[in-house]
Amino acid sequence: MPDGRSSAEQRVERVVHHEDPADALRWRVGDVTVTRVPEGVIEISPRWLMPDLTRELLAGVGDWVESYFTAEGRMLLSMHSFVVESGDLVVVVDTCVGGHTPRPLPGDDGFGTRLEQALPGGVESVDVVVCTHLHFDHVGWNTRRVGDAWVPTFPNARYLVSEEELRATRADDGMEVMEPSVTPRAERGLLDAVAPDHHIDGCVRLVPSAGHSPGHVCVEIESAGERALITGDSFHTPVQFAHPEISATYADFDPAAATTTRERLIDELRDSATLVFGTHFAPPTAGHVRRSAGGTWFEGWVPDPVS
Ligand SMILES: [Zn+2]
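Residues numbered from 1 in each chain as written. Predicted model: local features only at pLDDT ≥ 70, side-chain atom pairs only at ≥ 80, totals over all residues.

(A) Just the overall build of the protein chain, in detail. Along its length, the protein chain carries eight helices and 16 strands. Once the C-alpha set of the protein chain is aligned to its principal axes, its extents read approximately 55 × 45 × 35 Å. Counting over 307 residues, the protein chain shows a buried share of 46%. Long-range pairs, those at least 24 residues apart, make up 68% of the contacts in the protein chain between residues at least 6 apart in sequence. (Helix = DSSP H or I, 4+ residues; strand = E, 2+ residues; numbered from the N terminus. Buried ≥ 20, exposed ≤ 12 C-beta atoms within 10 Å, placed from the backbone. Contact = placed C-beta atoms within 7 Å.)

As structure tokens, then:
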């Protein structure tokens, strides 16, 4: 995401769609379940994030993008966490904007209630929090404000971040995430800097995908013959499956590397059975990367309710 110092910030209109907890989406990947816990969906001008995503380009992509844009062509940018339950292991992937101000995008205190509803054992039951990268809209609810202190939201969790992402953010913390969102865990010895292909358990592992940020990772799930990939910010919108060359210019650390990563992932995902979870995709949020005569596209998939 753009940092708080960007003049592009002024072009955001903070129209926020908060969601009913009953709207939570839950999918199965083999024996693993994945639950989307929304903080909110924001309308932005696409060109705030991606100057090359013009109205003309969008019009040529196809009707399948309608779920991710308004009728006026504004991008629906979703903020959500994924809760991944693999056997007894409970993993939260990314923690949205949080209760920090000021930030270039709005958080929402209602997230805590929705999170509790998605976690049968409460926040105490979370074993691992994965930070796909250390941008403000992915680490916000790592902590919550209690009095003058930032207190870990998940008191029993170990927090994982790639070694390179932590090193780079310590060297340049332009988004000012370390003190409120990272250091409180590190001080307690509960922050693990890991290899970018780290295995969390037998079903869940990290996938190197640098470009959007120096040490960005995706999250892969494999269980009972099924596979899924959580994108992090390697993709911000499904339009990038059709046009991987479109970078989030104001947010990508290295736009050329981000494009190379997208092309590599598309090659792997296209026409595969892998279910793709977009970390900023508005509902239906998950789907499959398809290829047809018109090019590459994204077929959203809404699961049957999981009991
Ligand atoms: Zn983001």
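From this point on, the discussion continues.
(B) Quick look at helix H5 (residues 163-171). Along H5, the residues that are buried comprise Glu 165, Leu 166 and Thr 169. For H5, the angular spread of the buried residues around the axis is 95 degrees, confining them to a single face. Those residues of H5 that are buried are in contact with strand E9 (158-162), helix H6 (178-186) and strand E10 (191-194). (Arc of directions from axis to C-beta.)

(C) Expanded view of the sheet that holds strand E11 (residues 204-208). Taken in spatial order, the six strands line up as E11-E12-E13-E14-E15-E16 in an open sheet, and their pairing is mixed. Two strands lie at the open edges of the sheet, namely E11 and strand E16 (295-300), each paired on one side alone. Pairs of neighbouring strands in the sheet enclose a mean axial angle of 35 degrees, with direction left out of account. Pairing geometry for strand E13 (residues 226-230) and strand E14 (residues 275-277), over three bridges, is parallel. When the bridges of E14 are listed, Ile 230 appears paired with Phe 277. (Pairing = 2+ DSSP bridges. Axes fitted to C-alpha atoms, helices over the stretch in contact; angles between N-to-C directions.)

(D) Region of the structure containing H6. Within H6, the full set of buried residues consists of Pro 180, Ser 181, Val 182, Pro 184 and Arg 185. End-on, the buried residues of H6 take up no more than an arc of 160 degrees, which puts them together on one face. Considering only its buried residues, H6 is in contact with helix H4 (136-139), strand E7 (143-146), strand E8 (149-152), E9 and E10.

(E) Broad picture of the confidence of the model for the protein chain. Mean pLDDT over the protein chain works out to 90, with 91% of the residues at or above the 70 mark. Predicted confidence for residues 1-11 stays below pLDDT 50, and this span has 24 contacts to residues more than four positions away or in other chains. (pLDDT = per-residue confidence, 0-100.)

(F) The pairing of E13, seen in detail. In this structure, strand E12 (residues 217-223) lies alongside E13, joined through five bridges in antiparallel fashion. Looking across to E13, one finds that Ser 223 is bridged to Glu 226. Counting the residues that bridge the hairpin from E12 to E13 gives two residues, and of these Ala 224 lies at a positive phi of roughly 50 degrees.

(G) Fine view of the environment of Gly 121. Relative to the helices and strands, Gly 121 is located in the loop between helix H3 (111-118) and strand E6 (128-130). Classification of Gly 121 as exposed rests on a count of 11 C-beta atoms within 10 Å. Separated by 81 residues in the primary sequence, Gly 121 and Gly 40 place their C-alpha atoms 23 Å from one another.

(H) Expanded view of unusual backbone geometry. The omega torsion of the bond from Pro 283 to Pro 284 falls at 20 degrees, within 30 degrees of zero and hence cis. Within the secondary structure layout, Pro 284 lies in the loop between E14 and strand E15 (286-292). The phi dihedral of Glu 176 is positive, around 55 degrees, even though this residue is not glycine. Turning to its location among the elements, Glu 176 is positioned in the loop between H5 and H6. In this structure Glu 176 comes out as partly exposed when scored by C-beta crowding, with 14 C-beta atoms within 10 Å. A positive phi angle, near 70 degrees, is found at Thr 285, a position not held by glycine. Tracing the backbone through its elements, the reader meets Thr 285 in the loop between E14 and E15. Given 25 C-beta atoms within a 10 Å radius, Thr 285 is considered buried.

(I) Spotlight on the environment of Arg 270. Within the element layout of this structure, Arg 270 appears in the loop between helix H8 (255-269) and E14. Overall, Arg 270 belongs to the partly exposed group, with 15 C-beta atoms counted inside 10 Å. Sequence separation between Arg 270 and Arg 291 is 21 residues, and the spatial gap between their C-alpha atoms is 6.5 Å.

(J) Up close: the nonpolar core. Counting residues in each nonpolar core, the largest one holds 76 residues, and the members touching the most others are Val 84, Val 91, Val 129, Val 219 and Phe 277. No other element matches strand E4 (residues 75-86), which puts six residues into this core. Setting aside anything within four residues of it in sequence, one finds Val 219 in contact with Val 93, Val 130, Thr 132, Val 204, Leu 206, Val 207 and Ile 230. (Core = buried A, V, L, I, M, F, W, Y, C linked by C-beta atoms within 7 Å.)

(K) Inspection of the environment of Thr 279 at higher detail. Residue placement: Thr 279 occurs in the loop between E14 and E15. Measuring from C-alpha to C-alpha, the distance between Thr 279 and Thr 296 comes to 19 Å, with 17 residues separating the pair along the chain. Residues within four places of Thr 279 in sequence aside, it is in contact with Asp 94, Thr 132, Ile 230, Thr 231, Gly 232 and Asp 233.

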